[in-house]
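Okay, here's what each chain looks like letter by letter:
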Amino acid sequence: MHKSSGFLKKYEEYLGEFFYGGIDGCATTFAVVAGSVGAGLDSVIIIILGFANLLADGCAMSFGREYWKHYY
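As the structure is a prediction and not an experimental result, all values here were calculated from the model.

### Section: the side chain of Asp 57
In this structure, Asp 57 sits in helix H2 (residues 43-71). Among residues more than four places away in sequence, those in contact with Asp 57 are Asp 24, Gly 25 and Thr 28.

### Digging into a nonpolar patch on the surface
The grouping of Leu 41, Val 44, Ile 45, Ile 48 and Leu 49 at the surface amounts to a nonpolar patch, some 410 Å² of accessible area in total. In this fold, Val 44 is placed in helix H2.

### Looking at the side chain of Asn 53
Turning to its location among the elements, Asn 53 is positioned in helix H2. Sequence-distant contacts of Asn 53, defined by excluding residues within four places in its chain, comprise Thr 28, Thr 29 and Val 32.

### Overview of the packing of aromatic side chains
Per the counting criterion, the structure on display carries 1 aromatic pair. Measuring from centroid to centroid gives 4.8 Å for Tyr 67 and Tyr 71, while their planes differ by 40°, and the two rings are tilted. Remark: Tyr 71 and Tyr 67 occur in helix H2; sequence separation between them is 4 residues, near one turn of the helix. Taking the relative accessible area as the measure of exposure, Tyr 67 reaches 46% and is therefore partly exposed. Residue Tyr 71 is classed as exposed on the basis of its relative accessible area of 58%.

Parameters at a glance
In this convention, every chain numbers its residues from 1, walking through the sequence in written order. The predicted nature of this model means local features are confined to residues of pLDDT at least 70 and side-chain atom pairs, given and counted, to a pLDDT of 80 or more, with totals for whole chains, interfaces and linings taken over all residues. Only heavy atoms go into the side-chain values, all of them from the structure, while hydrogens and water stay out. In this text, helices come from DSSP runs of H or I with a minimum length of four residues, and strands from runs of E with a minimum of two, each type numbered from the N-terminal end. Any two residues having at least one pair of non-hydrogen atoms within 4.5 Å are treated as being in contact. Patch membership requires more than 30% relative accessible area and the absence of a salt bridge. Residues of like charge join within 9 Å; the nonpolar side chains Val, Leu, Ile, Met, Phe, Trp and Tyr join within 5 Å. Residue exposure ignores everything except the shown protein chains as possible cover, and the areas themselves are Shrake-Rupley values with a 1.4 Å probe. Whenever Lys or Arg places a side-chain nitrogen within 4 Å of a carboxyl oxygen from Asp or Glu, that contact is recorded as a salt bridge. When the centres of two rings from Phe, Tyr and Trp lie within 6.5 Å, Trp using its six-membered ring, the rings pair. Their planes under 30 degrees apart give stacked, over 60 give edge-to-face, and anything left gives tilted. Burial classification: accessible surface area is computed with a 1.4 Å probe over protein chains only, and a residue below 20% of its type maximum counts as buried, one above 50% as exposed, and the rest as partly exposed.

If you want it as structure tokens, here you go:
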């Protein structure tokens, strides 16, 4: 009934993770940046915290996925 195109078929395994990870990354990064702005931190510090949060969130999501694939 539903047929995937060649492009989507190639990445079908990762699409769900991409969307859920993106939503999670946006929410947590917004929270970190909003809290930093509310605390009155310098804009350079806020940018550093935002990028650090993106990096940490990406690492945590990928480690969690690998753990889940191997042990569950």
